[in-house]
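Spelled out, the chains give:
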Amino acid sequence: MSTTVEKKDVSPRVFAAKKNDPLLKRNIGIMAHIDAGKTTVTERILFLTGLVHKMGEVHDGGATMDYLEEEQKRGITIQSAATTCSWNNHVINIIDTPGHVDFTVEVERSLRVLDGAVAVFDGKQGVEAQSETVWRQADRYGVPRICFINKMDKIGANFEFSVGTIRDRLGANPIPIQLPIGAEKDFVGFVDLIRMKYIEFIDPSNDAGKTYLEGPVPEEHMDAALEARGKMIEAAAEGSDELMNKFFEGEELTEEEIIKGLRLSCIAMKCVPVLAGSALKDKGVRFVLDAAIDFLPAPIEAGDIKGTLPYKEEQITRKPVTDEHVSLMAFKTIAEPTGDMTFIRVYSGVLEKGAKLLNPRTGKTERIGRLVRVHANKREAVESVPAGDIAAVIGLKNTVTGDTLCDEDNPIVLMKMTFPESVISMSLEPESAGDRDKLSEIIGRMMREDPTFKAFTNEATGDLIISGMGELHLEIMVGRIIKDHKCNVRTGRPKVAFKQRIKKQVDLEARHVRQSGGSGQYAVINVVIEYDESVNGFEFVDGVKGGSVPREYIPSVEAGLRESFLTGGNTGIPFVSTKARLYDGKSHDVDSSEMAFRAAANLAFRQSIEDNTVLLEPIMKVEVSVPEEFVGSVVGDLNSRRGEIAEIENQGDMRLVKAIVPIAEMFAYSSALRGSTQGRGQFSMELAMYRDVPAGIAAKLMAN
């Protein structure tokens, strides 16, 4: 006979019980493809942990964590939002991240500072394009994960299929710790494979899933449960030699040993525990919280923090404890009129209000003024933040995303974040000439907030150009300029963020010789300039021997070449992967100067690119999910857009078309896809590479 169970306090599966024990802390992120249900999961967590007393919904614009106007209007998460809650005597810092690829920077910087993540998947779709992207990001930062198969009550939901996509598409080792009973409208509960109990959901209208029925495993599900439990126990045994020996000797693992083994395997990224539920219907989210505590690491378990000494390559480490020298990373900035609010993760030591810390990037110190804990758009002032915690500092002057702040006498530079290149741009101008200075200030604040949002002035036309990760990205940024900052602007048509490279190596002599009475200008340099795909940006090599170019002038040659590289020549299009080697030259005892050699370097670069450049365009990895009857029209349309079809996969009752397509051909694709699939097609895309534009198309593209 099933009995009603309500779990409010300490879970029996808690390994640490001391007050303020660092093991009682978790820093986790919620990550997934757009519309998989991340924000809904977070809203349920906030309710269950008592942070809110009325749950907001994404579909009606009331989600607590989606507090920006654009988020509420569109029903998507744009900025990662941070909150702190408690569950079973544990403190949990949670970051709800966007799923749309245009805002992948938010996921990137969040994963950099998290210790664990909950990957949410749509129970019908399984692994989708952006969930694959964020999974790879988590792999890069070594973030252990648990998986939540959401929307199990959705028509077409299939737990086994979804788990299979985690295994096949992500190359992971998914280990279900629950066996769902039923699916779609018949999704009624699950078998807890650890305790071998049947958990039945009851009407959640009054308590949002806090209570449930618990009883013995139904006879008709026993065989499947035992088979799944056997695989789970085997994965647990792989967590340690001690458990493996016990397993091979045929001894039963206890409940606590199973959890311990799965925890060790999860933290070592040998497996990912998998749960199931329906966040919107309040089914199963409380068990996700239990699993986050059981299987994801505390900050102290994440290992020593690696970094380097400032201005050196020497590796050093810090321990994630409070009695170490303080070090922290800024991972997000929100520009506000009263002073920037900078989210930080403290990696070692204790950050105290009023502390004076070094920023190794700038070489300057920052004073910690106001320290706050953040719950979405609400703040709570604190005096200190210990190692392993996430908080925010208000009023930092010169600290941006990715910067390290540390003890002045014991400096360290923590591993930097990497951000993708912008792929689309448009012109922007204020409707009122008097708003020009105001717009410049707004753009500066937005660039501090978002490292993938760039702005520059086109020297040839005088236009202000903004660039970002996609049409939606720029559309939302422009919307914020108009609505949030009250500055009306006009925009030009979106344009592709082309790049260019040098076609073939050139070996040339550049002469800057001027004589017009009095002291003249004299500089001659011999330089080899070439495209080198292994170079990130511009690389200068000093190959001068015998003093043919005096040492004091070589930095001027490098400066001149780099300046020309950055300006993009006559077209203003940025160059990529350029290497310049200075190997010879001539000087004059009287007429040579730094200015002369800089001018010679400018001339050398201009000469090297005359009829010697190739236009590069961003190529996007595109995935289109459509019913089978529309596959032909989708493939034909992508081919007409210069697309190359890589493969077509089965995805339940849908088909997944994978292709690479130039972004120049993908403007307004969402409207075209809706029209050709009766509104049933969905797509996502992300930058795959930059590639040469075919010669016949380059001139046409540049003309547009």
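Residue positions are given per chain, counting from 1 as you read along its sequence in written order. In view of the model being predicted, local features appear only for residues whose pLDDT reaches at least 70, and side-chain atom pairs are presented and counted only at 80 or more, with totals across whole chains, interfaces and linings using the full set of residues. Computation of side-chain values: all heavy atoms of the structure, hydrogens and water removed.

**Q** Help me get a handle on the packing of helix H6 (residues 222–237) against helix H7 (residues 241–248), residues and values and all.
**A** Taken N-terminus to C-terminus, the directions of H6 and H7 make an angle of 135 degrees; their axes are 8 Å apart at the nearest point. With respect to H7, the axis of H6 lies oblique. Contacts between H6 and H7 pair Ile233, Glu234, Ala236 and Ala237 from the former with Leu243, Met244 and Phe247 from the latter. Here an angle of 0 to 180 degrees is reported between the N-to-C directions of two axes, which are lines fitted to C-alpha atoms, with helices fitted over the stretch in contact. Under the DSSP-based scheme used, a helix requires at least four consecutive residues in state H or I and a strand at least two consecutive residues in state E, with every element numbered from the N terminus. For classification purposes, angles smaller than 35 degrees are called roughly parallel, those larger than 145 roughly antiparallel, those between 65 and 115 roughly perpendicular, and all remaining angles oblique. Whether two residues are in contact is decided by their heavy atoms, any of which lying within 4.5 Å being enough.

**Q** An account of unusual backbone geometry is needed here, citing residue identities and associated values.
**A** In this structure, Asn88 takes a positive phi of about 50 degrees despite not being glycine. Tracing the backbone shows Asn88 in the loop between strand E3 (81–87) and strand E4 (90–96).

**Q** How would you explain the sheet that holds strand E33 (residues 521–531) if you had to name every residue and give the values?
**A** Pairs of strands are assigned from DSSP output, requiring at least two bridges between the strands. Overall, mixed pairing links the four strands, which are arranged E32-E33-E35-E34 in an open sheet. The two strands at the open ends of the sheet, each matched to only one other strand, are strand E32 (506–514) and strand E34 (538–542). Strand after strand, the sheet turns through a mean of 25 degrees between neighbouring axes, direction not considered. Where E34 and strand E35 (residues 578–586) come together, five bridges link them in parallel fashion.

**Q** Quick one: what's the story with the side chain of Ser577, residue by residue and with numbers?
**A** The topology assignment puts Ser577 in the loop between helix H12 (554–567) and E35. You can call Ser577 buried: its relative accessible area is 11%. Here's how the labels work: a residue is buried when its accessible area is under 20% of the maximum for its type, exposed when over 50%, partly exposed in between, all with a 1.4 Å probe on protein chains only.

**Q** Please provide a residue-by-residue account of the packing of aromatic side chains, values included.
**A** The criterion for an aromatic pair is that two Phe, Tyr or Trp rings (for Trp, the six-membered ring) have centres within 6.5 Å, with stacked assigned to planes under 30 degrees apart, edge-to-face to planes over 60 apart and tilted to the rest. Considering all chains together, one arrives at twelve aromatic pairs under this definition. For the ring pair Phe565 and Phe575, a centre distance of 6.5 Å and an interplane angle of 35 degrees mean the geometry is tilted. Of the two residues, Phe565 sits in helix H12 while Phe575 sits in the loop between H12 and E35, which places them ten residues apart along the sequence. Taken together, the aromatic side chains of Phe187, Phe190, Phe201, Tyr212 and Phe287 make up a single cluster linked through ring pairs. In this structure, Arg286 packs its charged tip against the face of Phe287, placed 5.9 Å from the ring centre. A ring has a charge above it when a Lys NZ or an Arg CZ is no more than 6 Å from the ring centre and no more than 35 degrees off the ring normal. In this structure, Arg345 packs its charged tip against the face of Tyr347, placed 4.6 Å from the ring centre.

**Q** So what about the pattern of salt bridges? Which residues, and what values?
**A** Pairs may arise between side chains of opposite charge once their charged atoms sit close together. Here, a salt bridge means any Lys or Arg side-chain nitrogen found within 4 Å of an Asp or Glu carboxyl oxygen. What the rule picks out here adds up to 32 salt bridges. Its salt-bridge partner being Asp139, residue Arg145 comes within 2.8 Å of it at the nearest N-O pair. Arg145 sits in the buried class, given a relative accessible area of 3%. Given a relative accessible area of 34%, Asp139 falls into the partly exposed group. Notably, a salt bridge pairs Arg263 with Glu301, separated by 2.4 Å at the nearest N-O pair. Of this pair, Arg263 sits in helix H8 (residues 255–267) while Glu301 sits in the loop between helix H9 (285–295) and strand E13 (305–308), placing them 38 residues apart in sequence. Judged by relative accessible area, Glu301 falls into the partly exposed class, the value being 32%.

**Q** If you had to explain a negative patch on the surface to someone new, which residues and values would you point to?
**A** A grouping of Glu219, Glu220, Asp223 and Glu227 is seen on the molecular surface, where their side chains present a negatively charged patch. Within the secondary structure, Glu227 is located in helix H6. Patch membership requires over 30% relative accessible area and the absence of a salt bridge. Like charges are linked within 9 Å, and nonpolar side chains (Val, Leu, Ile, Met, Phe, Trp, Tyr) within 5 Å. Using a 1.4 Å probe, the Shrake-Rupley method yields the accessible areas, and only the shown protein chains count as cover for residues. When charges are tallied, Lys and Arg are placed among the positive residues and Asp and Glu among the negative ones, while His and the ends of the chain are skipped. Working definition for charges: the position is that of NZ of Lys, CZ of Arg, CG of Asp or CD of Glu.

**Q** So what's going on with the sheet that holds strand E25 (residues 413–414)? Residues and values would help.
**A** Strand order in this open sheet of three strands is E14-E13-E25, and the pairing throughout is antiparallel. A strand with exactly one partner marks an edge of an open sheet, and here the two such strands are strand E14 (315–318) and E25. Inspection of the sheet shows E13 paired to E25 by two bridges, in the antiparallel sense. By the bridge assignment for E25, Gly307 is matched with Leu414.

**Q** Can you lay out helix H14 (residues 631–640) for me, pointing to particular residues and giving the numbers?
**A** Listed in full, the buried residues belonging to H14 are Val631, Val634, Val635 and Leu638. The arc that holds every buried residue of H14, seen down its axis, measures 95 degrees, which confines them to one face. Facing away from the buried side of H14, by more than 90 degrees, are the exposed residues Gly632 and Ser640. Elements that come into contact with the buried residues of H14 comprise strand E36 (613–627), strand E37 (644–651), strand E38 (654–662) and helix H15 (669–676). Directly beyond the C-terminal end of H14, a positive phi value near 65 degrees is found at Arg642. As used here, the arc is the angular range of directions from the helix axis to the C-beta atoms.

**Q** Outline the environment of Ile28, listing residues and values.
**A** Tracing the chain through its elements places Ile28 in strand E2 (residues 25–32). The class for Ile28 is buried, based on a relative accessible area of 2%. The sequence separation of Ile28 and Leu114 amounts to 86 residues, and the corresponding C-alpha distance is 5.7 Å. Look past the residues within four positions of Ile28 in its chain and what remains in contact with it is Ile92, Asn93, Ile94, Ile95, Leu114, Gly116, Val118, Ala292 and Leu296.

**Q** Mind laying out the environment of Phe540, listing which residues take part and the relevant values?
**A** By secondary structure assignment, the location of Phe540 is in strand E34. Sequence separation of Phe540 and Leu561 is 21 residues, and the distance between their C-alpha atoms is 8.4 Å. Aside from chain neighbours lying at most four places away, what touches Phe540 is Ile554, Val557, Glu558, Leu561, Ala580 and Leu582.

**Q** So what's going on with the side chain of His485? Residues and values would help.
**A** Examined against the element boundaries, His485 turns out to sit in the loop between helix H11 (471–483) and strand E29 (489–491). Residues contacting His485, with those up to four places away along its chain left out, are Lys438, Ile442, Arg445, Met446 and Arg480.

**Q** Explain the confidence of the model for the chain to me, using residue names and the numbers behind them.
**A** Per residue, pLDDT captures the predictor's confidence, and it can take any value from 0 to 100. Per-residue confidence for the chain averages 84 on the pLDDT scale, and 87% of its residues sit at or above 70. A low-confidence stretch, residues 54–80 stays under pLDDT 50, and its non-local contacts, those more than four residues away or across chains, total 89 contacts.

**Q** Explain the nonpolar core to me, and be specific about the residues and the numbers.
**A** Core analysis: the biggest nonpolar cluster contains 100 residues, and Phe121, Trp135, Ile146, Ile166, Met232, Leu262 and Phe295 have the highest contact counts within it. With eight residues, H9 is the largest single contributor of residues to this core. Per the annotation, domain bounds derive from an automatic or database assignment of domains. Two domains each put at least three residues into this core: domain 1 (21–301) and domain 2 (305–414). If we ignore the near neighbours within four places in the chain, the residues touching Ile146 are Ala117, Val118, Ala119, Cys266, Pro273, Leu275, Val288, Ala291, Ala292, Phe295 and Leu296. The set of buried Ala, Val, Leu, Ile, Met, Phe, Trp, Tyr and Cys residues whose side-chain atoms join them within 4.5 Å is what this entry labels a nonpolar core. Counting 41 residues, the second-largest nonpolar core is a separate cluster that includes Ile424, Leu439, Ile466 and Ile663.

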